[in-house]
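Commentary on secondary and tertiary structure
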Amino acid sequence: MSSNSQPTIANRYVLRRELGRGGMGIVWEAHDTALDRVVAIKQVLLPGHFTDAERHDAHARVRREAQSAARITHPTVITIHDVFEYEHNPWVVMELVEGGSLQDTLADTGTLPPHTVADIAQSLLQAVKAANTAGVLHRDIKPGNIMMSTDGRVILTDFGIATMEGGPSITRTGALIGSPEYMPPERLEGGPAEHRGDLWSIGVTLYAAVEGTSPFRRETITAAIAAVISAPLPPMTRAAWLEPVITGLLDRDPDHRLTADQALDLLQRCRNGNGP
């Protein structure tokens, strides 16, 4: 990386400014000099304690899953442009979305009205439908990974790299990374990741958006896991007509959980005053 004020990486991307960072990644605004466009680049930072084998596996997964996510073409899903390795870390290039995350919005407003959350629900359900059609799982749907664009779009981000991003995922060593409060109970109990788990995570996200906090937030990871697996769902006081959709997505039995199509249909009926 060069020493000037706007360093260039991979002989192509000029980093302009840092947009945000988390425990395992930094997002930059950058100029793609090859195509003369502004993009966002996520620099995935892996933990220093990873072994060489774990690091190699993590890099391979980032590349493989970002390539898979690039197959998804839908306005509710972030567009992936490129993935490469630079200075021993994976980097993922994607469209630059002007606006903040749903997490930022909730930090400012506390809660959102049901009609706004319903619009978010519709976008997220369409996003996971498109992803499922492409054979891609997200595995880390939560307010921090949902962008509220200034053009009115609700966009699901971090497809493919969620497992490296400190979200609720199991590494091959069995360690739980990050908060499990948005993770489906079947995954916490050792089941395989599959698309119905993303629907659960949407349900938790919608609950948090309309009520102001995740229903499974606890002081410790152990307590949060226990809450996801068996604690009663706290009563909703602000969800109003949206409550049946959220409840249907938060069925602990994935066989009884609403599908994306069922949830979209129920959402429309509830909007029109014709609930379940």
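Quick note: structure is the one above.
The paragraphs below set out a description of the structure included in this document. Small disclaimer: the values here were computed from a predicted structure and weren't measured.

Pairing between side chains of opposite charge can happen when their charged atoms approach one another. Counting across every chain of the model gives 16 salt bridges. Between R21 and E18 there is a salt bridge, with the nearest N and O atoms lying 2.8 Å from each other. Note that D265 and R269 form a salt bridge whose closest N and O atoms lie 3.0 Å from each other. Highlighted residues: D265 and R269, both in helix α8 (residues 260–271), separated by four residues, approximately one helical turn. A residue is classified by how much of its surface remains accessible, and D265, at 42% relative accessible area, is partly exposed.

A few words on helix α3 (residues 114–133). The end-to-end C-alpha distance of α3 is 28 Å, a good match for the 28 Å that 20 residues give at a rise of 1.5 Å each. The inward-facing, buried residues of α3 contact α2 (102–109), β8 (146–149), β9 (154–156), α5 (195–211), α7 (243–249) and α8.

Below, the discussion takes up the packing of aromatic side chains. Under the definition given, this model contains four aromatic pairs. Ring plane angle 5 degrees and centroid distance 5.6 Å describe the contact between Y13 and F84, whose orientation is recorded as stacked. With Y13 in strand β2 (residues 13–22) and F84 in strand β5 (residues 80–86), this residue pair connects regions lying 71 residues apart in the sequence. For Y13, a relative accessible area of 2% translates into the label buried. Residues F84 and W91 carry aromatic rings whose centres are separated by 6.3 Å and whose planes lie at 5 degrees to one another, so their mutual orientation is stacked. Overall, the relative accessible area of 13% leaves F84 in the buried class.

So, on to the nonpolar core. By size, the foremost hydrophobic cluster in this structure holds 64 residues, and its most contacted members are I202, I246 and L249. Among the elements that line this core, the one with the most residues is α3, at 10 residues. Setting aside residues no more than four positions away along its own chain, I246 makes contact with G203, L206, Y207, V210, M236 and A239. Counting 12 residues, the second-largest nonpolar core is a separate cluster that includes I26, W28, Y86 and V93.

Scoring rules and cut-offs
- Residues numbered from 1 in each chain as written.
- Predicted model: local features only at pLDDT ≥ 70, side-chain atom pairs only at ≥ 80, totals over all residues.
- Heavy atoms only, no water.
- Salt bridge = Lys/Arg side-chain N within 4 Å of Asp/Glu carboxyl O.
- Helix = DSSP H or I, 4+ residues; strand = E, 2+ residues; numbered from the N terminus.
- Buried < 20%, exposed > 50% of the residue type's maximum accessible area, 1.4 Å probe, protein only.
- Expected span 1.5 Å × (residues − 1).
- Contact = heavy atoms within 4.5 Å.
- Phe/Tyr/Trp six-rings, centres within 6.5 Å; stacked < 30°, edge-to-face > 60°.
- Core = buried A, V, L, I, M, F, W, Y, C linked by side-chain atoms within 4.5 Å.

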